[in-house]
Amino acid sequence: MGTRPTIQMVAELAGVSRGTVDRVLNDRPHVNEEVRQRVLEAMRQLGYISPRELHQRQAHAALPPLTLGVLLPNWEGQFRAEVTEGVRQACGELEESGVRVLVRRCETDLPQEAVELLETMRAGGAEGFAVCAVNDPAIQSWIAARAAEGVPCVTFNSDLPESGRLCFIGQDIRQAGRVAAGLLCKCVSGQGPILATAGNLKFDGHRQRLDGFRERLAELGFPAEQILVRETCNDYETTLRVVGETLAEWPDLRGIYMANLSVSGCCAAIQRAGRAGRIHVVCHDINETVRQLIRSGMVDFTIPQDLRRQGRTPLLFLRDHLRNKRPLESGSFHRRIQILCAENLEG
């Protein structure tokens, strides 16, 4: 009979300390995502199961099957890839404890489509829901009705604060917008005009970022009339066109705040206009494209968030809430806000 895998064996295979393995096992913060994935992969290779997880599996095996539903927006690119990976990780963890996960993705921003997909999952037996959707009365009413029936709903990435949802999992979005305002204001020495773009202001996440951005600029004495706001639909071509048109209309534009996706489209427009090196850009999230833009000097700062965790954590919370009757306060679960620039990018 082979030796049962230990934490020390996992640590050695992953090239980390026992303490780091313990932080990953207990889902604690302050672990680099690449390191977290190395530890998880080492655990998979060795077949390591922690005593706590073994106990949980045995307890869950004695419970009746459970079905959960996930509703995703029609966003592509980094959001889709990383959140989907987080959902996949959660599905792998939940499958062994008899939890089935239904995943539906919207093709449009129409609220009725979101409600229909939620109803489809409900008809399929879903007893709890993780939702990222536009902030619309129809969706809020649907979640409120489920809450009244005792069916928990957790929002992630973009909130539905008036819906009666159980909790929100994601970054402190408004504060992230305030941080972006402080950074860009320093970059442009407090002088405008500047452009602020949002993908779709019907999404609470985009609106809250923009509200926090403008709120902080007002506190810093930045003139409101010097802030231009445009929607870009999280689309490369739309961003390229909107930013290009704004640069043509405002030849003295000094900075751009990307409160949404398609940062590459924004930077391509700046280059086409021959303004590279003269426009300061602050954005959100981190991927290889944004890394390259920061290294090249096209982007000054980015404020990342853990999208994989946002896809994974709501399902685990719902499982614990429904299976273990673990109460969750109706509030928000935020991670600390980090700022990346050329000087700390590689770290």
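In the block above lies the structure referred to throughout.
Residues numbered from 1 in each chain as written. Predicted model: local features only at pLDDT ≥ 70, side-chain atom pairs only at ≥ 80, totals over all residues. Heavy atoms only, no water.

On to the sheet that holds strand 7 (residues 227-231). Sheet architecture is open: five strands sit in the order 7-6-8-9-10, paired in parallel fashion. Each edge of the open sheet carries a strand with a single partner, namely strand 7 and strand 10 (301-303). Between one strand axis and the next, the sheet turns through 15 degrees on average, direction left out of account. By the bridge criterion, four bridges tie strand 6 (residues 194-198) to strand 8 (residues 255-258) in an arrangement that is parallel. Each bridged residue has a counterpart across the sheet, and for Ile-194 the counterpart in strand 8 is Gly-255. (Pairing = 2+ DSSP bridges. Helix = DSSP H or I, 4+ residues; strand = E, 2+ residues; numbered from the N terminus. Axes fitted to C-alpha atoms, helices over the stretch in contact; angles between N-to-C directions.)

In this section: the packing of aromatic side chains. Between two aromatic rings, the relevant description is the distance of the centres plus the angle of the planes. Enumeration over the complete set of coordinates arrives at four aromatic pairs. Taking 5.1 Å as the distance between ring centres and 85 degrees as the angle between the ring planes, the aromatic pair formed by Phe-129 and Trp-142 counts as edge-to-face. Remark: Trp-142 occurs in helix 7 (residues 137-148) and Phe-129 occurs in strand 3 (residues 129-131); sequence separation between them is 13 residues. Exposure class is identical for Phe-129 and Trp-142. Each is buried. Each ring, one from Phe-213 and one from Tyr-257, has its centre 4.2 Å from the other, and the planes form 20 degrees; the classification is stacked. (Phe/Tyr/Trp six-rings, centres within 6.5 Å; stacked < 30°, edge-to-face > 60°. Buried < 20%, exposed > 50% of the residue type's maximum accessible area, 1.4 Å probe, protein only.)

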